[in-house]
Amino acid sequence: MTAVPTDRPADRPADPTAAQPTVGSAKSPMVIAERVHKKFGLNEVLKGVDLTIDRGEVVVMIGPSGSGKSTFLRCINHLERVDAGRIWVDGQVVGYEQRGHHLHELSERAIARQRAHIGMVFQHFNLFPHMTVLDNLIEAPRRVFGADREEVTARAEVLLGKVGLRDKIKAYPRHLSGGQQQRVAIARALCLQPSLMLFDEPTSALDPELVGDVLAVMKDLAASGMTMAVVTHEMGFARDVADRVVFFDSGVIVESGPPDQVILDPQHERTRVFLRAVR
Amino acid sequence: MSAVPVLTPAEELTVVPKRHPGRWLAAAVILIIVVRMAISVLGNERFGWDTVNTYLRDVSIGSGLMMTLGLTVACMVVGVVLGALLAVMRLSANPVVSGAAWAYVAAFRGTPVLVQLLFWYNLAALYPVITLGLPGVALDANQLISPTVAAILGLGLNEAAYMSEIVRAGILSVDHGQQEAASALGLTRMETMRRIILPQAMRVIVPPTGNETIGMLKTTSLVSVMAVHDLLYSAQIISARNYQIIPMLIVASIWYLVVTTILTIGQFYLERRFARGERTLPETPIQRLRRLLRTHAPSVRGTS
């Protein structure tokens, strides 16, 4: 396989959410991160991360544990507050409003609104165990956007069909396998019709034989043109699906490029050491 | 292990469960003791069963029971609402807010509830006129703090201290990932608390709250010191007239038992309701009886 340039493959359709009224123009990048710093106490986890993700692009973030890749992902939807730097998603600064030379943190409701446009999938699924699969999917659209129950239910049914779990609509999460739960979690995030999807090690908590189903759903999602940022250790997925692979180490991006280049022919010693260890 | 020659094909072997003769023996001993006790109690005319029977449906006992029930409900409402508020305050990021909740719990949990009751009862000695610090408000404490109001305040505010710890434990029992997932989906903190965290916390909150309610039903008997006509006080008034002290205590006890039994049943079904989504629901008594009858029925081979 030859190195693929970073721009989108031609067969990928345009971003389906671009038609929605958004501040960012259809051509501007989906995510722009500028000199992002994050400290936990004295431990500086992110030491100035710059990253741009184009619309429809799939970026896979790899790196040793503690390298800051998950923290960076969580900064993108303001689950973690950045200490310095800025992140734009869809043309809006996440979590803040810039007035003069100051970034003022937005109100809780405004941040919640922003987050609703950014889907997130967690390592441990975090489905709501006291709700059925359907209620897990329709809860947020109904609360956040006051969406009509019938309409959201119809959308939820379509999404559950897409992840192959149409028949589990009335089940409770605990009655599902890990792989099924994670696919429900993906459908739940999609039910808000996000313009960006974040995946935080979505297959790390799964039994090996269940990983494939979840990756297949993510692959379909990528093929449909969704913009995705994925933290994972699945090198096969990175090679097949990613437009770009980003290698994190000690809070900075060490290397970034097309998957075949980063994974097969890494330029930096630290990347090489890491890749040798995960193989 | 010695090798036993296997002559019978495996599928023709019958399984014989282990017998438990000790269980039968223990059951027999306990039954004999219970029967002897029952005969002794029912046969002793000094228990005054006739009097018990007469006063069990007495009007003033009935109104005393109503007062006890009313006090229990009112005090638990005060306790649960204020307790939930205190629990949320305790978990606040603001140190003054969480410190205030901590101090409240320390004060009310650290003093006997009887002392608190007497404090409220004698509030007029401290503040003859209640102004609440507001202009134009001047309430006569003696009128406002009737014995019943003192009882509700004393027991309710004390209960809030215990309930706040129960609610706090419930909230902390919910996995942090739930909060994160709800935030990531765009729910606000209030929505998350109400729709995601509290319903899950209820599984931890309900059983001890049931205990608290049953405890409260009995603790309300303390208000007899303030001459509130609750169940116990009503029984005592009658025994002061007819000198039938033991029978009247039995009358009160029977009613306490009846109500606690009803509350226990209610608690069971409430717990079942909040166990939705669990792998196994606790079985109802009817389900349990069916299962016991099934397992102890003569086994038929081939049923599974």
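Remember, predicted model here, so these are calculated numbers, not experimental data.

Calculation criteria
- Residues numbered from 1 in each chain as written.
- Chains lettered and ligands numbered in written order.
- Predicted model: local features only at pLDDT ≥ 70, side-chain atom pairs only at ≥ 80, totals over all residues.
- Heavy atoms only, no water.
- Helix = DSSP H or I, 4+ residues; strand = E, 2+ residues; numbered from the N terminus.
- Rg over C-alpha atoms; globule rule 2.2 N^0.38 Å.
- Contact = heavy atoms within 4.5 Å.
- Areas by Shrake-Rupley, 256 points an atom, 1.4 Å probe, with all protein chains shown as cover.
- Lys, Arg positive; Asp, Glu negative; His and termini not counted.
- Charge placed at Lys NZ, Arg CZ, Asp CG, Glu CD.
- Buried < 20%, exposed > 50% of the residue type's maximum accessible area, 1.4 Å probe, protein only.
- Pairing = 2+ DSSP bridges.
- Axes fitted to C-alpha atoms, helices over the stretch in contact; angles between N-to-C directions.
- Parallel < 35°, antiparallel > 145°, perpendicular 65-115°, else oblique.
- Left-handed = near helix turned anticlockwise from the far one by under 90°.
- Nonpolar A, V, L, I, M, F, W, Y, C, P; charged D, E, K, R; others polar.
- Salt bridge = Lys/Arg side-chain N within 4 Å of Asp/Glu carboxyl O.

1. Focus on the overall build of chain B
Right, on to step 1. Secondary structure summary: chain B contains 13 helices and 2 strands in total.
Right, on to step 2. Taking 304 residues into account, the globule formula puts the C-alpha radius of gyration at 19 Å, and chain B, at 27 Å, lies well above it.
Right, on to step 3. Viewed in the frame of its principal axes, chain B has a C-alpha envelope of about 100 × 70 × 35 Å.
Right, on to step 4. In chain B, once contacts between residues fewer than 6 apart in sequence are set aside, the share between residues at least 24 apart is 71%.
Right, on to step 5. Accessible area for chain B stands at about 19200 Å²; split by element, carbon and sulfur atoms hold 67% of it.
Right, on to step 6. Between the mean site of the 24 positive side-chain charges and the mean site of the 16 negative ones, chain B shows a separation of 6 Å.

2. Looking at the overall build of chain A
Right, on to step 1. Counting secondary structure elements, chain A contains 9 helices and 12 strands.
Right, on to step 2. On C-alpha atoms alone, chain A measures out to a radius of gyration of 18 Å, which is about the 19 Å that the 2.2 N^0.38 rule sets for 279 residues.
Right, on to step 3. Per-residue burial over chain A gives 54% buried out of 279 residues.
Right, on to step 4. Within chain A, contacts between residues separated by at least 24 positions form 65% of all contacts whose residues are at least 6 apart in sequence.
Right, on to step 5. With an accessible surface of roughly 12200 Å², chain A has 50% of that area assigned to carbon and sulfur atoms.
Right, on to step 6. Chain A carries 34 positive and 35 negative side-chain charges, and their two centres are separated by 3 Å.

3. Side note on the pairing of strand E4 (residues 84-89) of chain A
The side chains of a regular strand alternate, residue by residue, between the two faces of the sheet.
Residue and element names in this part refer to chain A.
Right, on to step 1. Where strand E1 (residues 31-40) meets E4, 5 bridges bridge the pair, whose relative direction is antiparallel. Directly across from Val31, in E4, lies its bridge partner Val89.
Right, on to step 2. Looking at chain direction, E4 and strand E5 (residues 92-93) are connected through 2 bridges and run antiparallel. Each bridged residue has a counterpart across the sheet, and for Val89 the counterpart in E5 is Gln92.

4. Let's talk about the environment of Ile32 of chain A
Residues and elements named next belong to chain A.
Right, on to step 1. The topology assignment puts Ile32 in strand E1.
Right, on to step 2. Among the residues examined, Ile32 registers a relative accessible area of 28% and is labelled partly exposed.
Right, on to step 3. The spacing of Ile32 and Leu51 is 19 residues in sequence and 6.0 Å in space, taken between C-alpha atoms.
Right, on to step 4. Look past the residues within four positions of Ile32 in its chain and what remains in contact with it is Leu51, Thr52, Arg86, Ile87 and Trp88.

5. Concerning the packing of helix H3 (residues 133-145) of chain A against helix H5 (residues 178-190) of chain A
Residue and element names in this part refer to chain A.
Right, on to step 1. Viewed as axis vectors pointing N to C, H3 and H5 meet at an angle of 25°, and their least axial separation amounts to 8 Å. Relative to H5, H3 is oriented roughly parallel. Our pair here, H3 against H5, has a crossing hand that is right-handed. For the pair formed by H3 and H5, the contact residues are Val133, Asn136 and Leu137 on the first element and Val184, Ala187 and Arg188 on the second.
Right, on to step 2. Looking at the contact of H3 with H5, its residues break down into 4 nonpolar, 1 polar and 1 charged.

6. A word on the pattern of salt bridges
Right, on to step 1. Per the stated rule, a full pass over the model turns up 19 salt bridges over all chains.
Right, on to step 2. Its salt-bridge partner being Asp213 of chain A, residue Arg183 of chain A comes within 3.8 Å of it at the nearest N-O pair. With Arg183 of chain A in helix H5 and Asp213 of chain A in helix H6 (residues 208-223), this pair connects stretches of sequence that are 30 residues apart.
Right, on to step 3. Judged by its relative accessible area of 11%, Arg183 of chain A is buried.
Right, on to step 4. Overall, Asp213 of chain A belongs to the partly exposed group, its relative accessible area being 39%.
Right, on to step 5. Salt bridges linked by common partners bring Arg74 and Glu80 of chain A together with Glu180 of chain B together as one network.

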